[in-house]
Amino acid sequence: MKGFGYLVKEGLKNVWVNRIMSIASICVLVSCLVLTGSATLFSVNVSEMVDQVGQNNETTVYIKDGYSQLDAVYIGKEIEKISNVNSVTFYSKDDAILQFKNQLGDELFSQIDEDKNPLPDAFIVVMDDLEKYDETVAEIQKIDGVDSVLNRRDFAEKLTNISHMVNIIAIGIVIVLVVISLFIIANTIRATMYSRRFDISIMKSVGATNSFVRVPFLVAGMLIGLISAAISVGGLALLYEGISQVFVTTNIPFDFIPFTNVLLPVVASFVVAGMFVGFAGSFLSIRKYLKMEGNEILGW
């Protein structure tokens with residue numbers, strides 16, 4: 001345990017002795033984490049918005065002429081049995097004509113006999129999954145008494161495509177930024193090892209194990225990742241709240257998920273990602289030196 005404490009202390013020392021490179025690595029990793037977090041949260045917010053719009057996406061189902069409202073009740077029960085249907089709301093022809101009168105004025109409908117209302121009874125149907133739009137509409141049209149279904153397939157496809165596109169872009173950004181972070185951390189650790197190559201050479205010459213040499217650099221890499229994660233959470237919170245306020249002040253109808261709702265996942269993912277990137281970068285960088293003997297490290 002004492003030996004492990006010494007190795008951890010050496011790792012902390014590595015960060016401080018090479019603080020210029022460490023600060024540079026932290027800055028780059030913070031930038032990568034904040035950008036990655038921003039892309040991920042943007043994707044989550046868009047997906048949430050698509051889900052909300054999808055839940056409110058009303059497809060109108062028209063009932064055949066000649067069916068009474070009692071018949072329509074049974075038709076509505078049949079529609080509710082379809083697995084992808086979230087809710088079914090009856091919309092009578094009387095309500096429809098009243099809405100038209102309120103919107104366009106009574107004069108336009110003054111010659112219409114209320115007993116000869118040309119509008120059909122209908123149902124407002126909300127679906128759970130827009131990707132199952134076609135098959136759900138097909139099931140509805142099989143029900144006896146259904147005349148037609150207002151086709152909103154294009155709208156459904158656009159919502160689904162937006163969600164998929166945002167997710168793909170977010171994943172691509174995350175992958176690119178992780179690779180950049182690994183590269184930066186690896187170079188930082190490599191520079192640290194180069195500055196301490198004489199110490200490493202001595203340790204290798206006196207028979208130090210690879211683990212003994214490796215641990216301080218792994219600790220340094222993970223510490224850089226941990227510090228970066230802590231700073232990134234604060235930076236992302238400020239950026240997120242700032243953008244949210246911009247949307248509020250400009251009256252753009254986009255409701256952001258409160259940052260407090262995603263705080264714990266963000267903290268956990270940043271800590272894990274930061275320490276993993278630091279560990280991986282250190283691990284990859286030190287492999288070259290561990291394959292050398294003491295004199296080879298110094299180039300003798």
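Residues numbered from 1 in each chain as written. Predicted model: local features only at pLDDT ≥ 70, side-chain atom pairs only at ≥ 80, totals over all residues. Heavy atoms only, no water.

Description of the overall build of the chain
To be explicit about the condition: Labels follow the DSSP assignment, with helices taken as runs of H or I lasting at least four residues and strands as runs of E lasting at least two, numbered in each case from the N terminus. Only protein chains enter the accessibility calculation, which uses a 1.4 Å probe. A residue is then buried if its area is under 20% of the maximum for its type, exposed if over 50%, and partly exposed in between. Note on definitions: a residue-residue contact is assigned when non-hydrogen atoms from the two residues lie within 4.5 Å. Throughout, the Shrake-Rupley method with a 1.4 Å probe supplies accessible areas, and for residues the shown protein chains are the sole cover considered.
In terms of regular secondary structure, the chain is built from 10 helices and 4 strands. A buried classification covers 38% of the 300 residues belonging to the chain. Sequence-distant contacts, at least 24 apart, represent 83% of the contacts inside the chain between residues at least 6 apart. Only carbon and sulfur atoms are counted for the fraction: they give 62% of the accessible area of the chain, which is about 17600 Å².

Remarks on the environment of G235
The residue G235 is located in helix α8 (residues 210-249) in this model. By relative accessible area, which is 29% here, G235 ends up partly exposed. C-alpha of G235 to C-alpha of L33: the two residues are 202 residues apart in sequence and 9.6 Å apart in space.

Digging into the pairing of strand β3 (residues 122-127)
Going by this rule: For two strands to be treated as a pair, DSSP must find no fewer than two bridges joining them.
Of all 6 residues in β3, 6 are buried, a share of seventy percent or more. Burial along β3 is two-sided: A122, I124 and V126 and F123, V125 and M127, pointing in opposite directions, are all buried. Where strand β1 (residues 58-63) and β3 come together, 5 bridges link them in antiparallel fashion. Across the sheet, the residue bridging to E58 is V126, located in β3. Of the pairings in the sheet, the one linking strand β2 (residues 85-91) to β3 comprises 6 bridges and is antiparallel in character. Following the sheet pairing, F90 is matched in β3 by F123.

Considering the sheet that holds β3
Filter applied, for reference: What counts as an axis is a line fitted to C-alpha atoms, over the stretch in contact for a helix, and the angles between N-to-C directions run from 0 to 180 degrees.
Pairing is antiparallel across the open sheet formed by 4 strands, whose spatial order is β2-β3-β1-β4. Each having just a single partner strand, β2 and β4 (146-149) make up the two edges of the open sheet. With strand direction ignored, the average angle separating the axes of adjacent strands in the sheet is 25 degrees. Seen against the sheet, helix α3 (residues 69-80) touches β1, β2, β3 and β4 and runs at an angle of roughly 170 degrees to β2. This element, helix α5 (residues 133-141), spans β1, β2, β3 and β4 of the sheet and lies at about 160 degrees to β4.

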